[in-house]
Amino acid sequence: EKKRLCPFDTPKASDIIAQNETAYLTYSIAGYHPDQLLAIPKRHLTRLEEMTEAEVKDCEKLQKLGWELLKQLGHGGVNFLLREGDSTGKTIPHLHYNIMPDTRLGDISVRGEEHREVMNDTEIAATVMRLREAFARLPV
């Protein structure tokens, strides 16, 4: 079986909007918005914990640059999205940051109204306890 090449490993020079030592900024060919950008580490990575400190910083710089670029295009809002793990619906296994202008995420009704359930005090207490227990198990 022939393994499919990762499209993010060898981008065409004409597709790169900006780059630094370890990452590059490009557009999304299948985004949620026509002006959606991607900040991508040059090294093929699949998990966040594989990133070096330099790669994290370089991707952060490109995300900020991407937001400045989107503001120049007249966009008033942005979402930064990183999908980590196999259950997130990501289509390219190469780690990448989505920079999505003017895109609402979450539970939206057919009328465009946001609908989210607010936790009650019991649910909040249970969630906080679960998070603190998990935090205590981290090898920090």
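As the structure is a computational prediction, the values presented were derived from the model and not from experiment.

Draft legend 1. Expanded view of the nonpolar core. Leu 25, Met 51, Leu 62, Tyr 97 and Ile 99 are the most contacted members of the largest nonpolar core, which has 14 residues in total. Sorting the residues of this core by element identifies β2 (23-27), β3 (37-41), α1 (53-72) and β5 (97-101) as the ones contributing at least two each. A per-element tally of this core places α1 first, with four residues. With residues up to four places along the chain from it excluded, the contact list for Tyr 97 reads Leu 37, Leu 38, Ala 39, Leu 48, Met 51, Cys 59, Gln 63, Leu 81 and Leu 82. Membership of the second largest hydrophobic core comes to six residues, among which are Phe 8, Leu 38, Ile 40 and Ile 92.

Draft legend 2. Summary view of helix α2 (residues 121-137). Between the first and last C-alpha of α2 there are 25 Å, a value that for 17 residues agrees with the 24 Å anticipated at 1.5 Å per step. Put simply, Asn 120 is the residue that caps the front of α2, since its side-chain oxygen is 3.0 Å from the backbone nitrogen of Thr 122.

Draft legend 3. How the structure looks around the layout of surface pockets. Here the largest pocket is characterised by a volume of approximately 560 Å³. Lining the largest pocket are 27 residues, with Phe 8, Ser 28, Ile 29, Leu 38 and Ile 92 positioned closest to its centre. Ranked by the residues each element gives to the lining of the largest pocket, the list is headed by β2, at three residues.

Draft legend 4. The pattern of salt bridges, seen in detail. Applying the stated rule across the entire model yields four salt bridges. Between Arg 43 and Glu 55 there is a salt bridge whose closest N-O contact spans 2.8 Å. Taken together, the positions of Arg 43 in the loop between β3 and α1 and Glu 55 in helix α1 put the pair 12 residues apart, joining distant regions of the chain. A salt bridge links Lys 57 to Glu 53; the nearest nitrogen and oxygen atoms lie 3.1 Å apart. Note that Lys 57 and Glu 53 are positioned in helix α1 at a spacing of four residues, about one turn of the helix.

Calculation notes
- Residues numbered from 1 in each chain as written.
- Predicted model: local features only at pLDDT ≥ 70, side-chain atom pairs only at ≥ 80, totals over all residues.
- Heavy atoms only, no water.
- Core = buried A, V, L, I, M, F, W, Y, C linked by side-chain atoms within 4.5 Å.
- Buried < 20%, exposed > 50% of the residue type's maximum accessible area, 1.4 Å probe, protein only.
- Helix = DSSP H or I, 4+ residues; strand = E, 2+ residues; numbered from the N terminus.
- Contact = heavy atoms within 4.5 Å.
- Expected span 1.5 Å × (residues − 1).
- Polar contact = N/O pair within 3.5 Å; in protein donor to acceptor, adjacent residues only side chain to side chain.
- 1 Å grid on protein atoms, 1.4 Å probe; cavity = no way out; pocket = protein on both sides within 12 Å on 5 of 7 lines; lining within 4 Å.
- Points joined across faces, edges and corners; volume = space filled by probe spheres on them.
- Salt bridge = Lys/Arg side-chain N within 4 Å of Asp/Glu carboxyl O.

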